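Below, each chain spelled out in residue letters.
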Amino acid sequence: KGITTVKIDSIKDPYTEGKGRVRMDELRSTFVLTYLERNKTKVDFWLSSKPGGDLPATLFNTVLRVHPYVTLAGLRKMGQMEKYIAKGKTSKYRESAEITFKTKGK
């Protein structure tokens, strides 16, 4: 059907908090990308996290509401950058993607 799911889970590492940085004790996100047409993809995005440090809940909840939009806007911007377009043209998955585009376009 042209659906891809990407799941992201945080890992435990020796990262140290510093000025302007807060350690996320837990972060889970899921992207479900659904092919609609060659230049159009539906994206469903879920995020669940548990911040560390002394971050006030109200501030964190505000960020949580805009995070999906900011993330997807950044991905759109990256997808329009020449270096990523060039990489896509030489990707080992290009032929498979082109077949999908032709099949779904009918």
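Conventions and cut-offs
Residues numbered from 1 in each chain as written. Predicted model: local features only at pLDDT ≥ 70, side-chain atom pairs only at ≥ 80, totals over all residues. Heavy atoms only, no water. Helix = DSSP H or I, 4+ residues; strand = E, 2+ residues; numbered from the N terminus. Buried < 20%, exposed > 50% of the residue type's maximum accessible area, 1.4 Å probe, protein only. Contact = heavy atoms within 4.5 Å. Phe/Tyr/Trp six-rings, centres within 6.5 Å; stacked < 30°, edge-to-face > 60°. Salt bridge = Lys/Arg side-chain N within 4 Å of Asp/Glu carboxyl O. pLDDT = per-residue confidence, 0-100. Pairing = 2+ DSSP bridges. Axes fitted to C-alpha atoms, helices over the stretch in contact; angles between N-to-C directions.

A.B. asks: Looking at this structure, I do not really get the environment of Thr4. What am I missing?
C.D. replies: Looking at the secondary structure, you find Thr4 in strand β1 (residues 3–9). With a relative accessible area of 42%, Thr4 lands in the partly exposed category. Sequence-wise, Thr4 and Tyr35 are 31 residues apart; in three dimensions their C-alpha atoms are separated by 8.5 Å. Not counting chain neighbours up to four residues away, the residues in contact with Thr4 comprise Phe31, Val32 and Leu33.

A.B. asks: Explain the packing of aromatic side chains to me, please; I cannot follow it from the model alone.
C.D. replies: Aromatic ring pairs are defined here through the distance separating the ring centres and the angle between the ring planes. Evaluation of the coordinates by the stated rule reveals 1 aromatic pair. On the numbers, 4.4 Å between centres and 45° between planes, the contact of Phe31 with Phe45 is tilted. Remark: Phe45 occurs in strand β3 (residues 40–51) and Phe31 occurs in strand β2 (residues 24–37); sequence separation between them is 14 residues. Since its relative accessible area comes to 9%, Phe31 is described here as buried.

A.B. asks: Looking at this model, I keep getting lost on the pattern of salt bridges. Mind explaining?
C.D. replies: Side chains that carry opposite charge are capable of pairing whenever their charged atoms lie near each other. Per the stated rule, a full pass over the model turns up 3 salt bridges. Between Glu98 and Arg94 there is a salt bridge whose closest N-O contact spans 3.6 Å. Here Glu98 pairs with Arg94, and both are found in helix α3 (residues 94–104), just 4 residues apart, close to one helical turn.

A.B. asks: Help me understand the confidence of the model for the protein in this model?
C.D. replies: Low pLDDT marks regions whose predicted coordinates should not be analysed in detail. In the predicted model, the protein carries a mean pLDDT of 81, and the fraction of residues at 70 or more is 85%. Here α3 stands out as the least confident element of the protein, with mean pLDDT 80; helix α2 (residues 82–89) is the most confident, with 92.

A.B. asks: Could you clarify how one ought to interpret the pairing of β3 in this entry?
C.D. replies: Across a regular strand the side chains alternate sides, sitting on one face of the sheet and then on the other. Pairing of β2 with β3, which is carried by 12 bridges, proceeds in the antiparallel orientation. Pairing of Glu26 across the sheet is with Lys50, part of β3. What sits between β2 and β3 in their antiparallel hairpin is a turn of 2 residues.

A.B. asks: Got a minute to help me understand the sheet that holds β1 in this structure?
C.D. replies: Through backbone hydrogen bonds, the strands of a sheet pair up, either in parallel or in antiparallel fashion. With antiparallel pairing, the 3 strands of this open sheet are ordered in space as β1-β2-β3. If you trace the sheet from one side to the other, it starts and ends with β1 and β3, each paired once. On average, each strand axis in the sheet is inclined to that of its neighbour by 10°, with strand direction left out of account. Against the sheet, helix α1 (residues 57–79) engages β2 and β3, with an angle of about 145° to β3.

A.B. asks: Looking at this model, I keep getting lost on the side chain of Ser29. Mind explaining?
C.D. replies: Structurally, Ser29 can be placed in strand β2. Its relative accessible area of 7% is what places Ser29 among the buried residues. When sequence neighbours within four positions are dropped, the list of residues in contact with Ser29 reads Val6, Lys7, Ile8, Phe45, Trp46 and Leu47.

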